[in-house]
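# Residue-level structure breakdown
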Amino acid sequence: RNGQEKECKLCFKKFTKRTYLINHQNSIHKNETEYLNRKLTASDLKFNCTLCDKQFVNEILLHSHLKKHETQKFEYLRKEAYDESTKEFKCKLCYTKYKFFSNLKAHLNSVHKEEEEFLNREIKD
(Lines give C-alpha, C1' and ligand atoms only; values in the text may rest on other atoms or scores of the structure.)
Protein backbone atom coordinates (compact mmCIF):
# COMPACT_ATOMS: atom_id res chain seq x y z
CA ARG A 1 0.00 0.00 0.00
CA ASN A 2 2.64 2.54 1.05
CA GLY A 3 5.39 1.14 -1.17
CA GLN A 4 7.38 -0.08 1.83
CA GLU A 5 8.82 -3.55 1.85
CA LYS A 6 7.54 -5.93 4.50
CA GLU A 7 10.25 -7.80 6.39
CA CYS A 8 10.01 -11.17 8.08
CA LYS A 9 11.02 -10.66 11.69
CA LEU A 10 12.38 -14.20 11.96
CA CYS A 11 14.68 -14.37 8.91
CA PHE A 12 14.70 -10.75 7.62
CA LYS A 13 13.58 -11.70 4.13
CA LYS A 14 11.82 -8.77 2.43
CA PHE A 15 8.56 -8.84 0.51
CA THR A 16 6.75 -6.29 -1.63
CA LYS A 17 3.31 -7.34 -0.37
CA ARG A 18 2.00 -8.29 3.05
CA THR A 19 0.29 -11.36 1.55
CA TYR A 20 3.65 -12.63 0.27
CA LEU A 21 5.10 -12.20 3.76
CA ILE A 22 2.19 -14.09 5.34
CA ASN A 23 2.51 -16.93 2.79
CA HIS A 24 6.24 -17.09 3.53
CA GLN A 25 5.68 -17.19 7.30
CA ASN A 26 2.97 -19.85 7.01
CA SER A 27 5.15 -22.14 4.89
CA ILE A 28 8.72 -21.45 6.03
CA HIS A 29 8.12 -20.63 9.70
CA LYS A 30 5.34 -23.06 10.59
CA ASN A 31 7.51 -24.35 13.46
CA GLU A 32 8.10 -20.85 14.84
CA THR A 33 4.51 -19.56 14.92
CA GLU A 34 4.77 -18.77 18.65
CA TYR A 35 7.09 -15.86 17.71
CA LEU A 36 5.08 -14.48 14.79
CA ASN A 37 2.13 -13.00 16.66
CA ARG A 38 4.02 -11.12 19.36
CA LYS A 39 6.90 -8.73 19.82
CA LEU A 40 10.24 -10.50 20.02
CA THR A 41 12.15 -9.97 23.27
CA ALA A 42 15.89 -10.04 23.92
CA SER A 43 15.47 -13.42 25.61
CA ASP A 44 13.87 -14.80 22.39
CA LEU A 45 16.86 -13.77 20.30
CA LYS A 46 19.52 -16.08 21.70
CA PHE A 47 21.35 -16.87 18.45
CA ASN A 48 23.62 -14.10 17.14
CA CYS A 49 25.23 -13.85 13.73
CA THR A 50 28.98 -13.38 14.10
CA LEU A 51 29.20 -11.64 10.71
CA CYS A 52 26.50 -8.99 11.17
CA ASP A 53 24.22 -7.68 13.93
CA LYS A 54 21.21 -9.92 13.19
CA GLN A 55 19.78 -12.17 15.91
CA PHE A 56 17.59 -15.26 15.65
CA VAL A 57 15.18 -17.30 17.78
CA ASN A 58 16.82 -20.64 16.95
CA GLU A 59 19.92 -22.25 15.53
CA ILE A 60 18.20 -23.39 12.33
CA LEU A 61 17.37 -19.81 11.32
CA LEU A 62 20.89 -18.66 12.21
CA HIS A 63 22.48 -21.40 10.07
CA SER A 64 20.18 -20.56 7.18
CA HIS A 65 21.22 -16.90 7.53
CA LEU A 66 24.94 -17.80 7.66
CA LYS A 67 24.55 -19.61 4.32
CA LYS A 68 23.44 -16.30 2.81
CA HIS A 69 26.69 -14.69 3.92
CA GLU A 70 28.54 -17.60 2.30
CA THR A 71 26.71 -17.27 -1.03
CA GLN A 72 27.32 -13.51 -1.12
CA LYS A 73 31.02 -13.94 -0.37
CA PHE A 74 32.14 -14.02 -4.02
CA GLU A 75 29.49 -11.66 -5.38
CA TYR A 76 32.14 -8.98 -6.00
CA LEU A 77 33.70 -11.30 -8.63
CA ARG A 78 30.54 -11.67 -10.74
CA LYS A 79 31.23 -8.81 -13.19
CA GLU A 80 34.98 -9.39 -13.35
CA ALA A 81 34.62 -13.13 -14.02
CA TYR A 82 32.02 -12.79 -16.79
CA ASP A 83 33.25 -13.00 -20.35
CA GLU A 84 30.64 -11.40 -22.62
CA SER A 85 32.11 -12.99 -25.77
CA THR A 86 31.77 -16.57 -24.51
CA LYS A 87 28.87 -15.88 -22.09
CA GLU A 88 30.79 -17.76 -19.39
CA PHE A 89 32.32 -17.08 -15.99
CA LYS A 90 36.07 -17.65 -15.80
CA CYS A 91 38.06 -18.47 -12.69
CA LYS A 92 40.83 -15.88 -12.41
CA LEU A 93 43.12 -18.37 -10.68
CA CYS A 94 43.02 -21.35 -13.05
CA TYR A 95 40.94 -20.04 -16.01
CA THR A 96 38.35 -22.81 -15.77
CA LYS A 97 35.11 -21.64 -17.38
CA TYR A 98 31.55 -22.07 -16.13
CA LYS A 99 28.19 -21.34 -17.68
CA PHE A 100 26.71 -20.38 -14.30
CA PHE A 101 28.14 -18.14 -11.59
CA SER A 102 26.89 -20.58 -8.92
CA ASN A 103 29.20 -23.24 -10.41
CA LEU A 104 32.15 -20.84 -10.28
CA LYS A 105 31.37 -20.09 -6.61
CA ALA A 106 31.25 -23.82 -5.80
CA HIS A 107 34.58 -24.25 -7.63
CA LEU A 108 36.17 -21.39 -5.64
CA ASN A 109 34.87 -22.82 -2.36
CA SER A 110 36.32 -26.25 -3.04
CA VAL A 111 39.34 -26.00 -5.36
CA HIS A 112 40.65 -22.59 -4.24
CA LYS A 113 39.54 -22.52 -0.60
CA GLU A 114 43.12 -21.92 0.61
CA GLU A 115 43.82 -19.30 -2.08
CA GLU A 116 40.96 -16.91 -1.32
CA GLU A 117 43.35 -14.01 -0.59
CA PHE A 118 44.44 -14.02 -4.27
CA LEU A 119 40.90 -13.41 -5.48
CA ASN A 120 41.08 -9.80 -4.27
CA ARG A 121 44.26 -9.10 -6.19
CA GLU A 122 44.54 -7.88 -9.74
CA ILE A 123 46.07 -10.64 -11.84
CA LYS A 124 47.99 -9.61 -14.94
CA ASP A 125 48.26 -12.10 -17.78
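First things first, this report covers the structure right here in the doc. The structure displayed is predicted, hence computed values, not measured ones. (Residues numbered from 1 in each chain as written. Predicted model: local features only at pLDDT ≥ 70, side-chain atom pairs only at ≥ 80, totals over all residues. Heavy atoms only, no water.)

Another aspect to go through is the sheet that holds strand 5 (residues 82-83). The strand order 5-6-7 describes an open sheet built from three strands, whose pairing is antiparallel. Each end of this open sheet is capped by a strand with a single partner; those strands are strand 5 and strand 7 (97-98). As paired elements, strand 6 (residues 88-90) and strand 7 share two bridges and run antiparallel to each other. Within the sheet, the bridge partner assigned to Lys90 lies in strand 7 and is Lys97. (Pairing = 2+ DSSP bridges. Helix = DSSP H or I, 4+ residues; strand = E, 2+ residues; numbered from the N terminus.)

We now examine unusual backbone geometry. Of note in this structure, Lys87 is not a glycine but carries a positive phi near 55°. Assignment of secondary structure puts Lys87 in the loop between strand 5 and strand 6. The phi torsion at Tyr95 lies on the positive side, around 65°, for a residue other than glycine. Positionally, Tyr95 belongs in the loop between strand 6 and strand 7.

Here we come to the nonpolar core. Buried together is how nonpolar side chains tend to be arranged in soluble globular proteins. Residues Cys8, Leu10, Tyr35, Leu40, Phe56, Val57 and Leu61 are the most contacted members of the largest nonpolar core, which totals 14 residues. Listing elements by their share of this core, those giving two or more residues are helix 2 (33-36) and helix 3 (59-72). In contact with Val57, other than residues within four places in its own chain, are Leu10, Glu32, Tyr35, Leu40, Asp44, Leu45 and Phe47. The next biggest cluster of nonpolar side chains, apart from the first, holds 10 residues, and it includes Leu77, Cys91, Tyr98 and Leu108. (Core = buried A, V, L, I, M, F, W, Y, C linked by side-chain atoms within 4.5 Å. Buried < 20%, exposed > 50% of the residue type's maximum accessible area, 1.4 Å probe, protein only. Contact = heavy atoms within 4.5 Å.)

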